Amino acid sequence: MSPVLSPVPSPVPSSVQRTPVIYQAGTSPAGRASAAKHAEGVFMSGRRPDVLRPHSDDIRARAARLGRARRASRCSPS
């Protein structure tokens, strides 16, 4: 099936950030890699800072290695 293309521009104005905000959930190694590369927000399971901190530090370090700001991904307990 081919996509439907509109012959006129969308009547919906673009948002301020121009692209969708991407959220990632999970702290598996693959999840942290994806968050570092793509996400603006990361939901992590758990409540204790001593458990969550190593994961958020890892995501921020990975983001920095990819040329993103260390704080590009906001980490939040879920």
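Residues numbered from 1 in each chain as written. Predicted model: local features only at pLDDT ≥ 70, side-chain atom pairs only at ≥ 80, totals over all residues. Heavy atoms only, no water.

(A) Broad picture of the packing of helix α1 (residues 29-38) against helix α2 (residues 49-65). Contact pair α1 / α2: the axes reach a minimum separation of 8 Å and the direction vectors enclose 50°. On the basis of their axis angle, the class for α1 and α2 is oblique. As α1 runs across α2, the sense of the crossing is right-handed. Seen from α1, the contacting residues are P29, R32, A33, A35 and A36; seen from α2, they are H55, D58, I59, R62 and A63. Split by residue class, the contact of α1 with α2 holds 6 nonpolar, 1 polar and 3 charged. (Axes fitted to C-alpha atoms, helices over the stretch in contact; angles between N-to-C directions. Helix = DSSP H or I, 4+ residues; strand = E, 2+ residues; numbered from the N terminus. Parallel < 35°, antiparallel > 145°, perpendicular 65-115°, else oblique. Left-handed = near helix turned anticlockwise from the far one by under 90°. Contact = heavy atoms within 4.5 Å. Nonpolar A, V, L, I, M, F, W, Y, C, P; charged D, E, K, R; others polar.)

(B) Quick peek at the nonpolar core. The biggest cluster of nonpolar side chains holds 6 residues, and these are A35, A39, V42, M44, L52 and I59. Of all elements in the fold, only β2 (41-44) and α2 reach the threshold of two or more residues within this core. Setting aside residues no more than four positions away along its own chain, L52 makes contact with M44, S45, G46, R47 and P77. (Core = buried A, V, L, I, M, F, W, Y, C linked by side-chain atoms within 4.5 Å. Buried < 20%, exposed > 50% of the residue type's maximum accessible area, 1.4 Å probe, protein only.)

(C) Broad picture of the packing of aromatic side chains. Taken as a whole and assessed by the stated rule, the structure comprises 1 aromatic pair. A ring pair is formed by Y23 and F43, whose centres lie 5.5 Å apart and whose planes are at 15°; its orientation type is stacked. In this pair, Y23 sits in strand β1 (residues 23-25) while F43 sits in strand β2, placing the two residues 20 residues apart along the sequence. Judged by its relative accessible area of 38%, F43 is partly exposed. (Phe/Tyr/Trp six-rings, centres within 6.5 Å; stacked < 30°, edge-to-face > 60°.)

(D) How the structure looks around the side chain of S56. Tracing the backbone through its elements, the reader meets S56 in helix α2. Excluding its chain neighbours within four sequence positions, the residues that come into contact with S56 are M44 and C75.

(E) How the structure looks around the sheet that holds strand β3 (residues 74-77). With parallel pairing, 3 strands are arranged side by side in an open sheet as β1-β2-β3. At either end of the open sheet lies a strand with only one pairing partner, and these are β1 and β3. Neighbour-to-neighbour, the strand axes of the sheet open up by a mean angle of 20°, direction not taken into account. (Pairing = 2+ DSSP bridges.)

(F) Looking closely at the side chain of S73. Within the fold, S73 resides in the loop between α2 and β3. Classification of S73 as buried rests on a relative accessible area of 1%. For S73, the side chain forms a polar contact with the main-chain oxygen of A35, separated by 3.2 Å. Those residues in contact with S73 that sit more than four places away from it in its chain are A35, A39, E40, V42, I59, R60 and R68. (Polar contact = N/O pair within 3.5 Å; in protein donor to acceptor, adjacent residues only side chain to side chain.)

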